[in-house]
Amino acid sequence: MSQMLKFTIFVVSLTYVCAQKSAIVYLFDPTGNSQVTGEVTFTKSSNGLVATGTVTGLAPGKHGFHIHELGNIGAGCTAAGAHFNPHNLTHGAPEDSIRHVGDLGNINVGALGTVVLNLSDTLISLEGEHSIIGRAVVVHEGEDDLGKGNFDDSLTTGHAGGRLACGVIGIL
Amino acid sequence: MSTTKIEFAVQMTCESCVDAVKKSVENVEGIKSVDVDLKTDSVVIDSNLSTLDLQKKLESTGRKVAVKGYAGSSAAVSILEAGDRSIQGVVRFVQVTPNVCIIDGTIDGLKAGPHQISIHECGDLSEGCNSVGNIYNSNNKSGRMYGNIDTVFAEKNGRAAFRLEDNVIKLSEVIGRSFVISDKTENNKNEKKTGLWYYC
C-alpha cells in the first residue's frame, strides 16, 4: 500500500513539472516610437485561459488585441505574421465559432491610457495545437471590428490598423 | 556532422550574378549543395557551416545578403533583446532529426573569452535576465544539466559565432523559454544577455 502511494505521489509531481500552468508576455514597442508597455499573464482555469495584467501608454478607446502566428517581433512587430490561425478560418469575435484562434477581440483603454486586463478564452491554450507559447501578442492602433466592418481587411485583420506593441509569450 | 539547409536572400539582377554567387560558395569544404533562384533572390545552401560563415562567403560577391531562415525543418529563433544593452545577437535552433539539433548563433559586443550559453526555465523578460529563472533542468538521461548547452568563445572583436550539434535538447522543449549568454570569467560576472525562443 505504501509502495502504491509513493508511486502515485511520484506521478502527480511529475505531471506538475511537465504541464505548463501559466505563461507571460512582456509588451513593448520594439521600434521605440510609442510609449506602450504592458505585462500580461495567461493562467489555466476551468474557463480556459485567463489573461490578466495591465497595458499602459495607449490612446483611450478600443484596441485590437491578438495572438499572432510567429514570435518574431522584428520590423516593428510586423515579422510576427498574421493572426494565429491554424484552422485557416476568417477573422471574427472571440465569441464567434468562426474565428482565428488568436482573435481575442479588443482591450478597452480608459481615459488615462491604461487598461487593466481580465479576459478569458476557451480556444487558446498553453499546449497542443492551440498553444500560444512562443508566439506573439500584438496590440493594435485601432479597434478590431471583429470581422463585421465590411472593410477589405475586416475578415483578415479586423481592420485594426498598425501595430503599437508586441511581445513573445514565454513560459512562466 | 549533420547538414542543414539555410536560405538566404541575395540581391541578384542577372544570370552573371547567379554565377558569381555560385562561385563564392564553390568547392568549399562542408557545403553539400547550392540552389540559386534568380526570380526570388533566393539562395539555399545545404552544409554543415554556420550561418555567419556562409553569409560572409556570399557577401564577398559585394551583394547584400540577409538570412531568411532554415528551409524545410522545424526551427526556432531567439533574438537577444533583454539584459546588457551593448550585446546583440541572434541564435537559431533547428531540429534536424529527432535526436539531433543544431544551435547556430552570432553574438556581438562580448568581452573576449569564454562564455556560458544555456537555456533557462522561464520565458519571462519583464525584469530582463533576472526573471528567467534557473537553468532549465528537465528529466534526462544524458548526465548533464539539460539546459547547460556549452561554452563558446568570443574573439578579440567581441564576436562569438558558433554552430553546435546537441543530442540532449529538443525544439519542443525550448519554445517559450529563454536563451542566456553569460561571461564565465571571475571579474565580469554581470555581463549577461537573454532572449526568448519563438516559432519562426
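An unreviewed UniProt entry lists chain B under the name superoxide dismutase, with Rhamnusium bicolor as the source organism. You can read under Catalytic activity (unreviewed entry) in the UniProt record for chain B the words "2 superoxide + 2 H(+) = H2O2 + O2".

In the nomenclature of an unreviewed UniProt entry, chain A corresponds to Superoxide dismutase [Cu-Zn] from the organism Rhamnusium bicolor. Quoted straight from UniProt, the Function (unreviewed entry) entry for chain A says "Destroys radicals which are normally produced within the cells and which are toxic to biological systems."

Q: Would you take a moment to explain the interface of chain A and chain B for this structure?
A: It is common to report an interface's size as the accessible area lost on association of the parts. Each partner contributes residues to the interface: chain A has 18 residues there, and chain B has 17 residues. In total, chain A and chain B occlude about 1300 Å² of area from one another, counting both sides; carbon and sulfur atoms represent 62% of this. Contact with chain B buries area across many residues of chain A, yet A:Tyr26, A:Val168 and A:Ile171 alone supply 31% of it, more than any other trio. The tally of links between chain A and chain B comes to zero salt bridges.

Q: Quick question: what am I supposed to make of the UniProt feature "domain: Superoxide dismutase copper/zinc binding" (unreviewed entry) in chain A here?
A: In the numbering adopted here, UniProt assigns the feature "domain: Superoxide dismutase copper/zinc binding" (unreviewed entry) to residues 36–169 of chain A. Segment residues 36–169 of chain A splits into 0% helix and 39% strand. End C-alpha atoms: 17 Å apart.

Q: What is the right way to look at the side chain of B:Thr51 in this model?
A: All names here are of chain B. Within the secondary structure layout, threonine 51 lies in helix H2 (residues 51–59). A polar side-chain atom of threonine 51 sits 2.4 Å from a polar atom in the side chain of aspartate 104. With residues near it in sequence (within four places) discarded, threonine 51 still touches Ile6, Phe8, Val67, Tyr70, Arg92 and Asp104.

Q: Even after reading the chapter, I still don't get unusual backbone geometry, so can you show me in this structure?
A: Apart from glycine, the bulk of residues carry a negative phi angle, and the bulk of peptide bonds sit in the trans form. Residues other than glycine seldom take positive phi values, yet A:His159 does so here, at roughly 55°. Note that A:His159 resides in the loop between strand S7 (136–140) and strand S8 (163–171). Among the residues examined, A:His159 registers a relative accessible area of 33% and is labelled partly exposed. Despite not being glycine, B:Asp41 shows a phi value in the positive range, around 60°. Relative to the assigned elements, B:Asp41 resides in the loop between strand S2 (31–37) and strand S3 (42–47).

Q: Help me understand helix H1 (residues 15–24) of chain B in this model?
A: For an α-helix, the turn length of 3.6 residues means that residues three or four places apart are oriented alike. Residues and elements named next belong to chain B. Along H1, the positions that sit buried rather than exposed are Cys17, Val18, Val21 and Ser24. Viewed end-on, H1 has its buried residues packed into an arc of 125°, placing them on one side of the element. For H1, exposure combined with an orientation more than 90 degrees from the buried face picks out Glu15 and Lys23. The inward-facing, buried residues of H1 contact strand S1 (4–10), S2, S3 and H2.

Q: Can you help me understand the environment of B:Ser78 in this one?
A: Residues and elements named next belong to chain B. Inspection of the secondary structure assignment puts serine 78 in strand S5 (residues 74–80). Using a relative accessible area of 0% as the deciding quantity, one classes serine 78 as buried. When the C-alpha positions of serine 78 and threonine 194 are compared, they lie 8.5 Å apart, and in sequence the two are 116 residues distant. Among the polar contacts listed, one links the side chain of serine 78 to the backbone oxygen of glycine 195, at a separation of 3.3 Å.

Q: What is the right way to read the nonpolar core from this model?
A: For soluble globular proteins, the rule of thumb is that nonpolar side chains tend to be buried together. A:Phe42 and B:Phe179 are the most contacted members of the largest nonpolar core, which totals 57 residues. A total of four residues in this core trace back to one element, the largest contributor, which is S8(A).

Q: What should I look at first to understand the sheet that holds S3(B) in this one?
A: Adjacent strands of a sheet pair through backbone hydrogen bonds, lying either parallel or antiparallel. Residues and elements named next belong to chain B. Pairing is antiparallel in the open sheet, where four strands are placed in the order S2-S3-S1-S4. Each having just a single partner strand, S2 and strand S4 (65–70) make up the two edges of the open sheet. The average undirected angle you get between the axes of adjacent strands in this sheet is 25°. Across six bridges, the pairing between S1 and S3 is antiparallel. Within S3, the residue paired with threonine 4 across the bridge is serine 47. Seen against the sheet, H2 touches S1, S2, S3 and S4 and runs at an angle of roughly 35° to S1.

Q: When you look at the pattern of salt bridges in this model, what are you seeing that I'm missing?
A: Applying the stated criterion across every chain, the model contains seven salt bridges over all chains. Note that A:Asp96 is salt-bridged to A:Lys148, the shortest N-O span being 2.6 Å. With A:Asp96 in the loop between strand S4 (61–68) and strand S5 (103–109) and A:Lys148 in the loop between S7 and S8, the pair connects residues that are 52 residues apart, well separated along the chain. Here B:Asp166 ties to B:Arg144 by a salt bridge, and the two come within 3.0 Å at their closest N and O atoms. In this pair, B:Asp166 sits in strand S11 (residues 160–166) while B:Arg144 sits in the loop between strand S9 (113–120) and strand S10 (148–154), placing the two residues 22 residues apart along the sequence. Its relative accessible area of 4% is what places B:Asp166 among the buried residues.

Q: Could you clarify how one ought to interpret the state of the cysteines in this entry?
A: Linking two cysteines covalently through their sulfur atoms gives a disulfide. Residue and element names in this part refer to chain A. All told, the structure shown has one disulfide over all chains when counted by the stated rule. A sulfur-sulfur distance of 2.1 Å marks the disulfide that ties cysteine 77 to cysteine 166. Handedness here is read from the sign of the S-S torsion; for cysteine 77 and cysteine 166, about -85°, the answer is left-handed. Pair noted here: cysteine 77 is in the loop between S4 and S5 and cysteine 166 is in strand S8, with a separation of 89 residues, a long-range link. Here the two residues cysteine 77 and cysteine 166 agree in accessibility, since each one is buried.

Criteria and cut-off values
Residues numbered from 1 in each chain as written. Chains lettered and ligands numbered in written order. Predicted model: local features only at pLDDT ≥ 70, side-chain atom pairs only at ≥ 80, totals over all residues. Heavy atoms only, no water. UniProt positions renumbered as here; feature names shortened; annotations may be inferred. Contact = heavy atoms within 4.5 Å. Buried area = accessible area lost by both parts, 1.4 Å probe. Salt bridge = Lys/Arg side-chain N within 4 Å of Asp/Glu carboxyl O. Helix = DSSP H or I, 4+ residues; strand = E, 2+ residues; numbered from the N terminus. Polar contact = N/O pair within 3.5 Å; in protein donor to acceptor, adjacent residues only side chain to side chain. Buried < 20%, exposed > 50% of the residue type's maximum accessible area, 1.4 Å probe, protein only. Arc of directions from axis to C-beta. Core = buried A, V, L, I, M, F, W, Y, C linked by side-chain atoms within 4.5 Å. Pairing = 2+ DSSP bridges. Axes fitted to C-alpha atoms, helices over the stretch in contact; angles between N-to-C directions. Disulfide = S-S within 2.5 Å.

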